[in-house]
Amino acid sequence: QVQLVESGGGLVQAGDSLRLSCAASGRTFSSYDMGWYRQAPGKDREFVAVVRWSGLTDYADSVKGRCTISRDNAKNMVYLQMNSLKPEDTATYYCNAYRTDLGGPGYWGQGTQVTVSS
């Protein structure tokens with residue numbers, strides 16, 4: 001099992017940058033796809049970015065070109081660097097760990113709040 005703890009959120013102005021961090025437990029961290037999702041007030045949770053166990057990455061169209069996801073397997077950490085933030089990026093950001101060979105919903109952290117003011 002995996003426990004995830006997000007950090008790095010805060011209140012920023014449009015155009016600012018943030019780096020979100022997700023700390024994961026467990027020795028098998030490197031075998032998981034690690035993703036970032038977000039949920040704005042009154043909205044469904046949506047995909048933001050993923051870095052797979054192989055290192056391949058993918059991004060939602062809404063953040064492509066502005067965000068970079070990365071992982072440090074030696075430290076059991078995954079990061080989301082967010083640049084040129086927009087008010088529409090305001091949401092609670094969640095870290096997710098998933099293995100396609102195991103299935104199920106994967107594991108989720110409690111989230112970190114990002115608020116972007118105009």
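No experiment lies behind these values; they were computed from the predicted model shown. The numbers attached to residues start from 1 for each chain and follow its sequence in the written order. Reporting in this predicted model follows two pLDDT cut-offs: at least 70 for local features of residues, and 80 or more for side-chain atom pairs to be given and counted; totals over whole chains, interfaces and linings ignore these cut-offs and use all residues. Working from all heavy atoms in the structure, the side-chain values ignore hydrogens and water.

K.L.:
Help me get a handle on the environment of Ala 14, residues and values and all.
P.N.:
Along the chain, Ala 14 falls in the loop between β2 (10-13) and β3 (18-24). The spatial distance from the C-alpha of Ala 14 to the C-alpha of Lys 43 is 21 Å, given a sequence separation of 29 residues. Whether two residues are in contact is decided by their heavy atoms, any of which lying within 4.5 Å being enough. Look past the residues within four positions of Ala 14 in its chain and what remains in contact with it is Leu 85, Pro 87, Val 116, Ser 117 and Ser 118. Note on conventions: DSSP H or I runs of at least 4 residues are helices, E runs of at least 2 residues are strands, and numbering of each starts at the N terminus.

K.L.:
If you had to explain the sheet that holds strand β8 (residues 77-82) to someone new, which residues and values would you point to?
P.N.:
The 4 strands are arranged β1-β3-β8-β7 in an open sheet whose pairing can be described as antiparallel. Only two strands of the sheet have a single neighbouring strand rather than two, namely β1 (4-7) and β7 (67-72). For this sheet, the mean inter-axis angle between neighbouring strands, taken without regard to orientation, is 15°. When DSSP finds two or more bridges between two strands, those strands count as paired. Throughout, an axis means a line fitted to C-alpha atoms (over the contacting stretch in the case of helices), and angles, computed between N-to-C directions, take values from 0 to 180 degrees.

K.L.:
Help me get a handle on the packing of aromatic side chains, residues and values and all.
P.N.:
Each Phe, Tyr or Trp ring, with Trp reduced to its six-membered ring, pairs with another whose centre is within 6.5 Å; inter-plane angles below 30 degrees give stacked pairs, above 60 give edge-to-face pairs, and intermediate values give tilted ones. Under the criterion given, the structure shown has 3 aromatic pairs. Between Tyr 37 and Trp 108 the ring centres are 5.1 Å apart and the planes differ by 65°, which places this aromatic pair in the edge-to-face class. Placement of the pair is Tyr 37 in strand β4 (residues 33-39) and Trp 108 in strand β10 (residues 107-108), with a sequence separation of 71 residues. Only protein chains enter the calculation, and the probe is 1.4 Å; a residue is then buried if its accessible area is under 20% of its type maximum, exposed if over 50%, and partly exposed in between. For Trp 108, a relative accessible area of 33% translates into the label partly exposed. Working rule: Lys NZ or Arg CZ, within 6 Å of ring centre, within 35 degrees of ring normal, means a charge sits over the ring. Stacked on the ring of Trp 108, the Lys or Arg Arg 45 has its end atom at 4.8 Å from the ring centre. The lysine or arginine in question, Arg 71, covers the ring of Phe 29, its NZ or CZ lying 4.7 Å from the ring centre.

K.L.:
Give a description of the environment of Arg 19 that names residues and reports values.
P.N.:
With respect to the helices and strands, the residue Arg 19 is situated in strand β3. Residues Arg 19 and Tyr 79, 60 residues apart in the sequence, show an inter-C-alpha distance of 6.7 Å. Apart from the residues within four sequence positions on either side, Arg 19 is in contact with Ser 7, Gly 8, Tyr 79, Leu 80 and Gln 81.

K.L.:
Could you give an account of the side chain of Thr 92, with specific residues and numbers?
P.N.:
The topology assignment puts Thr 92 in strand β9 (residues 91-98). With residues near it in sequence (within four places) discarded, Thr 92 still touches Tyr 37, Arg 38, Gln 39, Gly 111, Thr 112 and Gln 113.

K.L.:
Describe the nonpolar core, listing the residues and the values that go with them.
P.N.:
Judged by nonpolar contacts, the single largest core of 29 residues is most densely connected at Leu 4, Met 34, Trp 36, Ile 69, Val 78, Leu 80 and Tyr 93. The set of elements that each furnish at least two residues to this core consists of β3, β4, β5 (46-51), β7, β8, β9 and β11 (112-117). Residues belong to one nonpolar core when they are buried, are Ala, Val, Leu, Ile, Met, Phe, Trp, Tyr or Cys, and are joined through side-chain atoms within 4.5 Å.

K.L.:
Tell me about the pattern of salt bridges, residues and numbers included.
P.N.:
Take a side-chain nitrogen of Lys or Arg and a carboxyl oxygen of Asp or Glu: if they are within 4 Å of each other, that pair is a salt bridge. With the rule as written, the count across this model stands at 6 salt bridges. Put simply, Asp 89 and Arg 66 hold a salt bridge, and the shortest N to O gap is 2.8 Å. With Asp 89 in the loop between β8 and β9 and Arg 66 in the loop between β6 (57-59) and β7, the pair connects residues that are 23 residues apart, well separated along the chain. We classify Asp 89 as buried; its relative accessible area is 0%. Note on Arg 66: relative accessible area 10%, which makes it buried. Here the residues in one salt-bridge network are Arg 38, Glu 46, Arg 66 and Asp 89, joined through shared partners.

Coordinates in, geometry out; function isn't part of it.
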